[in-house]
Amino acid sequence: MKKKKISISFLAGGVVLLIILGMAVVPQAFTSQSPISQDMSALLQAPSSAHWFGTDELGRDIFARVVYGTRIDLAIGVFAMLVSAITGTLLGLVAAYYGKTVDACLMRVLDVMTAFPFIILVIAIVAIMGSGIRNMFIAIWLVGWKDYAKLVRSEVLSEKNIEYVAAAKTLGYSNLRIMLRHILPNVIDGAFVYAISDIMMCMLVGASLSFLGLGVSAPTPEWGAIISGGRTFITRAWWISVFPGIVLAVTGVAISLVGKGTADMMKGR
Amino acid sequence: MKEFNYIIKRILQMIPALLVITVIIFAGMRLIPGDPAITMLGTHYSDAAAEGLRHKLGLDQPLFFQYLLFLKQVLTFDFGNSITMNAPVWDLFKQKAVVTLTLTLVTAIFTIIISFIFGYAAGMSRHPLISKTIDSIALVMLSIPEFWIGIQLMLIFGLNLKLLPVGGWGSTWPEHIRSMILPAISGAMGTSALMIRNIEEEITKIKKQDYVDFAYSKGLKKGVVRNRYILKNVMVSTVTLLSMRVIGMFAGSVVIETVFALPGLGSLLMQGIMARDYTLVQSLVYIFAVIVLVMNLLTDISYSFLNPRIRLE
Amino acid sequence: MHFSRKKLMALLMAGLCTISSLGMTGSIVKAEETTRVVMARGIDSTTLDPAMASKNQDIWMMNFALEGLVRAAENGKDIEPALADTWEISEDNLTYKFHLREGVKFSNGEEVTPEDCIYSITRTRDKEGSPWQGMLSVIESVEKEGDDTIVVKVSQPTPALLSLLAMFPCSIMPQSYCEEVGDDQIANAPVGTGPFILTSWEKNSQMVFEKNPYYWQEGLPTVDEFVMTVVADENTRIMQLQSGQIDMTDVPLAQLDLVKADSNLVVDEFPSTAVDYIILNCANEKLEDVRVRQALLYATDREALNTALSFGYGKLADSFISPAAPHYNTNLPEITYDVEKAKELLAEAGYADGLDLRVDVGSGYSSELQEATMLKEQWAKAGVNLEIEQIDRATASSNWSAGDYEVYFSYLTSDMTDTSQLSELWCVSESTNCWGSGWHGEKQQEAEALVKEAGMEMDEEKRAELYGQMQEIVLEEVPNIPLYTTPFYVAHSKNIDNVKQNPLGNYRFEELTKTN
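Residues numbered from 1 in each chain as written. Chains lettered and ligands numbered in written order. Predicted model: local features only at pLDDT ≥ 70, side-chain atom pairs only at ≥ 80, totals over all residues. Heavy atoms only, no water.

Chemist: Honestly, the interface of chain B and chain C in this entry has me stumped. Any pointers?
Modeler: By a widely used convention, the size of an interface equals the accessible area lost when the partners come together. Facing 43 residues of chain B, the contacting portion of chain C comprises 40 residues. Interface area, chain B with chain C, both sides summed: about 3400 Å², of which 55% is carbon and sulfur. Taken together, the connections running from chain B to chain C amount to zero salt bridges. There are nine residue pairs in polar contact (both at pLDDT 80 or more) connecting chain B and chain C. Counting only elements with at least two residues in the side of chain B that touches chain C, the list comes to helix 2 (36-41), helix 3 (47-57), helix 5 (89-124), helix 7 (146-160), helix 11 (254-259) and helix 12 (265-274) of chain B. (Contact = heavy atoms within 4.5 Å. Buried area = accessible area lost by both parts, 1.4 Å probe. Salt bridge = Lys/Arg side-chain N within 4 Å of Asp/Glu carboxyl O. Polar contact = N/O pair within 3.5 Å; in protein donor to acceptor, adjacent residues only side chain to side chain. Helix = DSSP H or I, 4+ residues; strand = E, 2+ residues; numbered from the N terminus.)

Here is the structure:
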């Protein structure tokens, strides 16, 4: 009974996610319009059969922009998450395994990191290096890794004294091997669950940065940039920001459903 | 006594961290290209005027000297004047902190109310439909950008229904509170969603554990079990999450402040960075850092009160 | 004692009634009299020190609390009396005598003296770091003659002198107050003879102005309190106006259609001296060739840019001087949009295979982004590949002032009723490097000579001719591509009347009225 329910939401999420992945890989299969060509005779048009999601202030088709933007947004979410997850997990693992000075150092670095307000750090980084996708990655990475480090560190601390680690040590395995082959697989679950929701967080951060004008450079279609571009016209051309907002939300829900399903299956193992 | 030693140790550990922070802030600000004199002169820039202004602001002094001045400001807690705003940084901070603090508090209250009601309902309900619905709502809440929901709320409640002010901060306390309702709801969305899931998970976890069954078997009433065991255990993880979020909100509510025209710390800081107002940004970030470190310490201490099994070490 | 308790009570009651009714009428009368007008704008001022103010958000607020010897008329071209009610100019045009209006007081109650005038004008002229030092350096001396006359001497005939004195850097402030409180306080709470007193200023949030009881114009200002709030988001600003939370606001062009469609609101339009243009870096090796710059002018579909960016509310501009400003040349040759011509010129200049250019756009400025996006597509037709770089505003402007850019969007509003300010910014190389464009060469020197000559020519007709020639040279040389000029728009609720803004952008709200 219970198993079936999980698979239904997992399935629904999976199907939606597949469609979204499809849009990311072959956007031209979903729309024949160009995401960047301007049409001065069709400015700010409401949704119609010609323009499903309407047009923006330059007469660009919103549906096409949303479809073509998928690739960038997914990339931001997944890659930004991956780099921070890998960095954070490794640092947390090493710090907790060696303990003492190494651990204390990490904790101090974490102290300093948390002392800077996230958005301020990002604004500063973008101000130093200029806006754009690459710098957005760097900003999210610099700030994102610390959560993984904290999470993994606390998990390792509770695993470290368990018998199999002691056993591995007496067998004379190298520290590296013990960390990667024995401890990591046992502590990765928590980080994995967090990572799934982190994809969405990264995408939202991207959108917020675009809102503050620090995001992707134009005319690249990106959901956050489309939403914030439509902000000026929100009271009379709601479609510019509403549709990408909905797509963003749907993507988030789909990712979460798939993530939750996977996590449940892992627990079931 | 052990607690006392722990607190002293933590406070001592803060000192090197804060020192590193001053270096990072100072270097960071100077690394950003651009120059306060240029942004202040704006469209009437000329080399002569910029040079005069730099001299007036003390920006032609050697960097090391400027850093020492910053250190002195930090140690005496007298931060001097903002370069671009002609007002003492400390006064600006106090003025804007009232707004941001109110926003943060009201947001935290909304977050607690929303997340406890829904999280509790979802965790305790026997009907999968209820928990499924709440889960889905939480998922959607988590996936909507807060500036977007903010604008929509303002359109509906401010402009169309005229129930609440359309942004702004007002001039009396009843007005302040009224003007906080919509921003706080927008800000509470994401955090509530996380907390609903968190509370729900904790409750289901605890429900399965022996001591709740044991309490039932002892003949305690259902309500008593809920209150005494479950809530108490849920509090630990909730406090962590909430305190992390509150700290983030205190400095990082730029987006909400922009949408709702609130004169708070986030937008002050953002403007400071944009105008390269070195003294303002340096001092504000430093004050934030102190607040964050103290908050972290308080959070850790509060664990031991909420759950004596967690020891301070 | 013959008073019974009853009587005493009655007396007491009566007394209370009278007091309370007095109080009541008092408060009712007060409520009727106190008019409070709230206006919102997108950004706060940074300084109100007349010597230091340099941004529109500072400058436009200047004449709330401050006034000069003379002031700009509503049409933005003429000069009218202010603190001085009459003046004489000497034969050789080097000496100006101003007679102070009698009995004018500062808002702190002190009488205006010639010493205050001398102090205020020389303070700005000699202020280190002031952007106005250069312009005021023409003033050789300011002296007093008798108790009510000020003598201003200039080093050369200066047709713009009255305009200069009407500008805010020459606002008159009380010497005793200024010396007592120092520069920081002047910037935060300037005292002058203007219609209002700045009573509180919460940075980044709001300024509160109260009626100046000593204002020399009888019966003005008509509102008791004027509040200027800061609401950065333009949607929020418009929604606040629609919901009645504020009385008035400036209107961004993007919101104009919406506001005009609202029958509860009134939109006032004022001609402006602001012209939007694209600056081309003439010192850059790719853009040094005048043919390349001309090609870019031909490749720019200004009509389309105007339609999209000003939403049709702008007028095409062909000079950096707006038609609302004096000395605008009405006979400039028409600029045509001609992609073929652009390609030809580019080929001549050796860029037949295409040209790569970069435009710096301030991140967060959506209209600039839109402008860049459109330009990219337009120039692509002529074989120019425009790379859009979004960088932080402060970085972008410091790159621009250092000449480290290729294409940059900008606009200027004149701060005075004379053409000399903008002309000097654009044509005189030594002060701002021709407004950061790095324009140089024979033609530039010719334009510079014309501007310098016009700066000393007292004959109006001759001046117009000189400035006219200069505008022709600029159009031929294309250090900038002029785009359009847009009026200022102020939207307000129906019960507000007499809103005034001159073409320089200065708000004039002393006659503002609010009916209930």
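Chemist: Would you explain a negative patch on the surface in this entry?
Modeler: A cluster of acidic residues, Asp85(C), Glu102(C), Glu111(C), Asp147(C) and Asp148(C), forms a negative patch at the surface. Mapped onto the fold, Glu111(C) is located in the loop between strand 5 (95-100) and helix 4 (114-125). (Patch = residues over 30% accessible without salt bridge, like charges linked within 9 Å, V, L, I, M, F, W, Y side chains within 5 Å. Areas by Shrake-Rupley, 256 points an atom, 1.4 Å probe, with all protein chains shown as cover. Lys, Arg positive; Asp, Glu negative; His and termini not counted. Charge placed at Lys NZ, Arg CZ, Asp CG, Glu CD.)

Chemist: Help me out: how do you make sense of the packing of aromatic side chains in this one?
Modeler: Geometry of an aromatic ring pair is reported as the spacing of the ring centres plus the angle between the planes. This model, assessed by the stated rule, comprises 38 aromatic pairs over all chains. Residues Tyr97(A) and Tyr98(A) carry aromatic rings whose centres are separated by 5.4 Å and whose planes lie at 90° to one another, so their mutual orientation is edge-to-face. On the basis of relative accessible area, Tyr97(A) is assigned to the buried category, the value being 6%. With relative accessibility at 41%, the residue Tyr98(A) sits in the partly exposed group. When the centroid spacing of 5.7 Å and the interplanar angle of 70° are considered together, the rings of Tyr313(C) and Tyr489(C) count as edge-to-face. With a gap of 176 residues between them, Tyr313(C) in the loop between helix 11 (302-309) and strand 14 (315-316) and Tyr489(C) in strand 19 (residues 488-493) connect regions that are remote in the sequence. Overall, Tyr489(C) belongs to the buried group, its relative accessible area being 5%. Here the aromatic residues Trp60(C), Phe64(C), Phe196(C), Phe209(C), Phe226(C), Phe488(C), Tyr507(C) and Phe509(C) are joined through ring pairs into a cluster of three or more. Its end group placed over the ring of Tyr173(A), Arg177(A) keeps NZ or CZ at 4.2 Å from the ring centre. (Phe/Tyr/Trp six-rings, centres within 6.5 Å; stacked < 30°, edge-to-face > 60°. Buried < 20%, exposed > 50% of the residue type's maximum accessible area, 1.4 Å probe, protein only. Lys NZ or Arg CZ within 6 Å of the ring centre and 35° of its normal.)

Chemist: Honestly, empty space enclosed by the protein in this entry has me stumped. Any pointers?
Modeler: A water-sized probe rolled over the atoms picks out the places where empty space is left. If you walk through the whole model with that rule in mind, you get five cavities of 30 Å³ or more. One number sums up the size of the largest cavity: a volume of about 260 Å³. Asn63(C), Arg71(C), Ala166(C), Phe168(C) and Asn506(C) are, among the 24 residues lining the largest cavity, the residues nearest its centre. For the lining of the largest cavity, the secondary structure elements donating two or more residues are helix 3 (62-65), strand 2 (70-72) and helix 6 (161-166) of chain C. Take the lining of the largest cavity: its biggest share by element is three residues, from strand 2 of chain C. Taken together, the residues of the lining of the largest cavity break down into 12 nonpolar, seven polar and five charged. Approximately 60 Å³ is the volume attributed to the second largest cavity. Lining the second largest cavity we find Arg108(A), Asp111(A), Arg10(B), Gln13(B), Met14(B), Leu293(B) and Asn296(B). Elements with a minimum of two residues in the lining of the second largest cavity: helix 3 (100-115) of chain A together with helix 1 (2-31) and helix 13 (278-306) of chain B. Taken together, the residues of the lining of the second largest cavity break down into two nonpolar, two polar and three charged. (1 Å grid on protein atoms, 1.4 Å probe; cavity = no way out; pocket = protein on both sides within 12 Å on 5 of 7 lines; lining within 4 Å. Points joined across faces, edges and corners; volume = space filled by probe spheres on them. Nonpolar A, V, L, I, M, F, W, Y, C, P; charged D, E, K, R; others polar.)

Chemist: Please explain the sheet that holds strand 6 (residues 139-145) of chain C as it appears in this structure.
Modeler: Whenever strands of a sheet pair, they do so through backbone hydrogen bonds, lying parallel or antiparallel. All names here are of chain C. Taken together, four strands build an open sheet; the order of strands is 4-5-7-6 and the sheet is antiparallel. In this open sheet, the two strands that pair with only one neighbour each are strand 4 (84-89) and strand 6. Across the sheet, the axes of successive neighbouring strands diverge by a mean angle of 20°, strand direction being ignored. As paired elements, strand 4 and strand 5 share five bridges and run antiparallel to each other. Paired with Thr-86 across the strands is His-99, a residue of strand 5. Its contacts with the sheet place helix 4 against strand 5, strand 6 and strand 7 (149-154), and it is angled at close to 170° to strand 6. (Pairing = 2+ DSSP bridges. Axes fitted to C-alpha atoms, helices over the stretch in contact; angles between N-to-C directions.)

Chemist: How should the interface of chain C and chain A be read in this particular structure?
Modeler: Facing 24 residues of chain C, the contacting portion of chain A comprises 23 residues. Buried area between chain C and chain A, summed over both chains or domains, comes out near 1900 Å², and the portion from carbon and sulfur atoms is 54%. For chain C, the biggest contributors to the area lost against chain A are Asn235(C), Thr373(C) and Gln390(C); these three give 24% of the whole. Counting every contact that joins chain C to chain A gives zero salt bridges. Counting across the chain C and chain A interface gives zero residue pairs in polar contact (both at pLDDT 80 or more). Elements supplying a minimum of two residues to the side of chain C that touches chain A: helix 8 (234-242), helix 9 (256-261), helix 13 (366-380) and strand 16 (384-391) of chain C. Split by residue class, the side of chain C that touches chain A holds nine nonpolar, nine polar and six charged.

Chemist: Which parts of the structure should I look at to understand the side chain of Thr46(C)?
Modeler: With respect to the helices, strands and loops of the structure, Thr46(C) is situated in the loop between strand 1 (36-41) and helix 2 (56-59). Among the residues examined, Thr46(C) registers a relative accessible area of 17% and is labelled buried. Setting aside its immediate chain neighbours within four residues, Thr46(C) contacts Thr84(B), Asn86(B), Asp58(C) and Trp201(C).

Chemist: Can you help me understand the packing of helix 4 of chain C against helix 7 (residues 175-188) of chain C in this one?
Modeler: Packed helix pairs are specified by the crossing angle of their axes together with the interaxial distance, meaning the distance between the axes. Residues and elements named next belong to chain C. Contact geometry for helix 4 and helix 7: axes closest at 11 Å, N-to-C directions at 25°. Comparing their axes, helix 7 and helix 4 come out roughly parallel. Of the two elements, helix 4 crosses helix 7, and the hand of that crossing is right-handed. The segment helix 4 lies against helix 7, with Glu-115, Asp-116, Tyr-119 and Arg-123 engaging Gln-175, Cys-178, Glu-179, Asp-183 and Ile-186. Classifying every residue of the contact of helix 4 with helix 7 gives three nonpolar, one polar and five charged. (Parallel < 35°, antiparallel > 145°, perpendicular 65-115°, else oblique. Left-handed = near helix turned anticlockwise from the far one by under 90°.)

Chemist: Looking at this structure, how should I read the packing of helix 7 of chain B against helix 8 (residues 173-208) of chain B?
Modeler: Residues and elements named next belong to chain B. At a minimum axis distance of 9 Å, the contact between helix 7 and helix 8 shows a crossing angle of 145°. In terms of crossing hand, the pair formed by helix 7 and helix 8 is right-handed. Residues Glu-146, Ile-149, Gly-150, Leu-153, Met-154 and Phe-157 of helix 7 touch helix 8, and the partners they reach there are Leu-182, Ile-185, Ser-186, Gly-187 and Met-189. Of the residues assigned to the contact of helix 7 with helix 8, the class counts are seven nonpolar, three polar and one charged.

Chemist: Just to check I follow, could you spell out the nonpolar core for this structure?
Modeler: Soluble globular proteins tend to bury their nonpolar side chains together. The biggest cluster of nonpolar side chains holds 134 residues, and the ones touching the most others in it are Ile183(A), Leu248(A), Ile21(B) and Leu265(B). Looking at this core, the element that brings in the most residues is helix 7 (residues 175-211) of chain A, giving 16 residues. Here this core spans two domains, since at least three of its residues come from each of domain 1 (2-89) and domain 2 (91-279) of chain B. When neighbours within four sequence positions are excluded, Leu265(B) is seen to be in contact with Phe93(B), Lys96(B), Ala97(B), Thr100(B), Phe250(B), Glu257(B), Leu284(B) and Phe288(B). (Core = buried A, V, L, I, M, F, W, Y, C linked by side-chain atoms within 4.5 Å. Domains from an automatic or database assignment.)

Chemist: What is the right way to look at the environment of Thr222(C) in this model?
Modeler: Residues and elements named next belong to chain C. Within the element layout of this structure, Thr-222 appears in the loop between strand 9 (206-211) and strand 10 (225-230). Spatially, the C-alpha atom of Thr-222 lies 9.5 Å from that of Pro-195, the residues being 27 residues apart in sequence. Setting aside chain neighbours within four positions, we find Thr-222 in contact with Thr-35, Glu-510, Glu-511, Leu-512 and Thr-513. A distance of 3.3 Å separates the side chain of Thr-222 from the backbone oxygen of Glu-511, its partner in a polar contact.

Chemist: Quick question: what am I supposed to make of the sheet that holds strand 13 (residues 275-280) of chain C here?
Modeler: Residues and elements named next belong to chain C. The strand order across the open sheet formed by six strands is 14-18-13-17-15-16, and the pairing between neighbours is mixed. Each end of this open sheet is capped by a strand with a single partner; those strands are strand 14 and strand 16. Bridge count between strand 13 and strand 17 (residues 407-412): six bridges; the pairing is antiparallel. When the sheet's bridge partners are listed, Ile-278 is paired in strand 17 with Phe-409.

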